[in-house]
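Here is how the chains run, residue by residue.
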Amino acid sequence: MLRQIITLNGITLALSKGRIFEETLPLLAAAGITPTDNPETSRKLIIGTNRPDVRLVIVRATDTPTYVQYGAADLGIAGKDVLIEHGGAGLYQPLDLNIAKCRLCVAVPKEFDYAAAVKRGARIRVATKYVNAAKAHFAAKGMHVDLIKLYGSMELAPLVGLADAIVDLVSTGGTLKANNLVEVEDIMPISSRLVVNQASLKLKRELIQPVLEAFAGAIKP
């Protein structure tokens, strides 16, 4: 049984450092929320805001859904890729914020004939951090693959013979190009979503609803 940690005095928003935090700042501003510290320069993991009833917790991107699921945070912002791997249990996902946009792709070394491998039904090895998304993609294509879960730089795996292909997030494609890899399939576009703990939404609706509405009004197409 899921035991949740919900406090009724104020709301907590889970964010990760880097691009998501930076691109969330205009949305926070639209809701009248200004962080009192910059997580890139501060060592604090709990950051206050100009509002006494709102605080931010700085977590790893992959941990955001878990903090929200268990009620340690009332809201969070996480990429669609992270949410697919988490599974989304216990989370309400009201808004696609259209930030931190990229795409999830299959990439291979330039010399690897991916189309021929697919056509002849070859079993290939694929390195990825995104096992659930990759499994669903290749299953839908009827392909047999061995998935190898990695946590570091995916681009290295084909270069040293660990894998034939990778499934990874791509923004500009510069890292792939620098490592002699090419995209061969788009799996899905990725952007970051607002996630809300379902119990928090019921218990703290008066605090959370205005934030949802402000975010919704500030989303850029």
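What counts and how
- Residues numbered from 1 in each chain as written.
- Predicted model: local features only at pLDDT ≥ 70, side-chain atom pairs only at ≥ 80, totals over all residues.
- Heavy atoms only, no water.
- UniProt positions renumbered as here; feature names shortened; annotations may be inferred.
- Helix = DSSP H or I, 4+ residues; strand = E, 2+ residues; numbered from the N terminus.
- Buried < 20%, exposed > 50% of the residue type's maximum accessible area, 1.4 Å probe, protein only.
- Contact = heavy atoms within 4.5 Å.
- Pairing = 2+ DSSP bridges.
- Salt bridge = Lys/Arg side-chain N within 4 Å of Asp/Glu carboxyl O.
- Expected span 1.5 Å × (residues − 1).
- Arc of directions from axis to C-beta.

- As annotated in an unreviewed UniProt entry, the chain carries the name ATP phosphoribosyltransferase and comes from Zoogloea oryzae.
- Within the UniProt record for the chain, the comment given under Subunit (unreviewed entry) is "Heteromultimer composed of HisG and HisZ subunits."
- The annotation that UniProt attaches to the chain under Sequence similarities (unreviewed entry) is "Belongs to the ATP phosphoribosyltransferase family. Short subfamily."

### Digging into the overall build of the chain
Working step 1: For the chain, the count of helices and strands is nine helices and 11 strands.
Working step 2: Overall size of the chain, expressed as C-alpha extent along the three principal axes, is 60 × 40 × 30 Å.
Working step 3: Burial statistics for the chain: of 221 residues in total, 45% are counted as buried.
Working step 4: The contacts in the chain between residues at least 6 apart in sequence include a share of 68% that link residues at least 24 apart.

### Side note on the UniProt feature "domain: ATP phosphoribosyltransferase catalytic" (unreviewed entry) in the chain
Working step 1: Taken from the UniProt record, the annotation "domain: ATP phosphoribosyltransferase catalytic" (unreviewed entry) applies to residues 60–215.
Working step 2: Note that residues 60–215 is 35% helix and 33% strand, and that its end C-alpha atoms are spaced 22 Å apart.

### What to know about the pairing of strand 1 (residues 11–15)
Working step 1: When you tally the buried positions in strand 1, you get five out of five residues, the bulk of the element.
Working step 2: Burial along strand 1 is two-sided: the face carrying I11, L13 and L15 and the face carrying T12 and A14 are both buried.
Working step 3: By the bridge criterion, five bridges tie strand 1 to strand 3 (residues 54–58) in an arrangement that is parallel. Across the sheet, L15 pairs through a bridge with I58, a residue of strand 3.

### Overview of the pattern of salt bridges
Working step 1: Counted under the stated rule, the structure contains nine salt bridges.
Working step 2: A salt bridge links K44 to D37, with the nearest nitrogen and oxygen atoms 3.3 Å apart.
Working step 3: On the accessibility criterion, K44 (46% relative accessible area) is partly exposed.
Working step 4: The exposure class of D37 is partly exposed, given its relative accessible area of 25%.
Working step 5: Taking the shortest distance from any N to any O, the salt bridge between R123 and D146 comes out at 3.0 Å. Of this pair, R123 sits in the loop between helix 4 (114–119) and strand 7 (124–128) while D146 is found in strand 8 (residues 145–149), placing the two residues 23 residues apart along the sequence.
Working step 6: Taking relative accessible area as the criterion, R123 reaches 54% and is therefore assigned exposed.
Working step 7: With relative accessibility at 33%, the residue D146 sits in the partly exposed group.

### Things to note about helix 9 (residues 205–218)
Working step 1: The end-to-end C-alpha separation of helix 9 is 20 Å, in line with the 20 Å expected for 14 residues at 1.5 Å each.
Working step 2: Residues of helix 9 that are buried include every one of I208, V211, L212, A214 and F215, and no others. Looking straight down helix 9, one finds that the buried residues subtend no more than 165 degrees of arc, so they occupy a single side. Across helix 9 from its buried face, at more than 90 degrees, point the exposed residues E206, E213 and G217.

### Considerations on unusual backbone geometry
Working step 1: A positive phi angle, close to 60 degrees, is found at N98, a residue other than glycine.
Working step 2: Judged by relative accessible area, which is 24%, N98 ranks as partly exposed.
Working step 3: Positive phi values are uncommon outside glycine, yet A100 reaches one of about 50 degrees.
Working step 4: As for its position among the elements, A100 is in the loop between strand 5 (91–96) and strand 6 (102–109).

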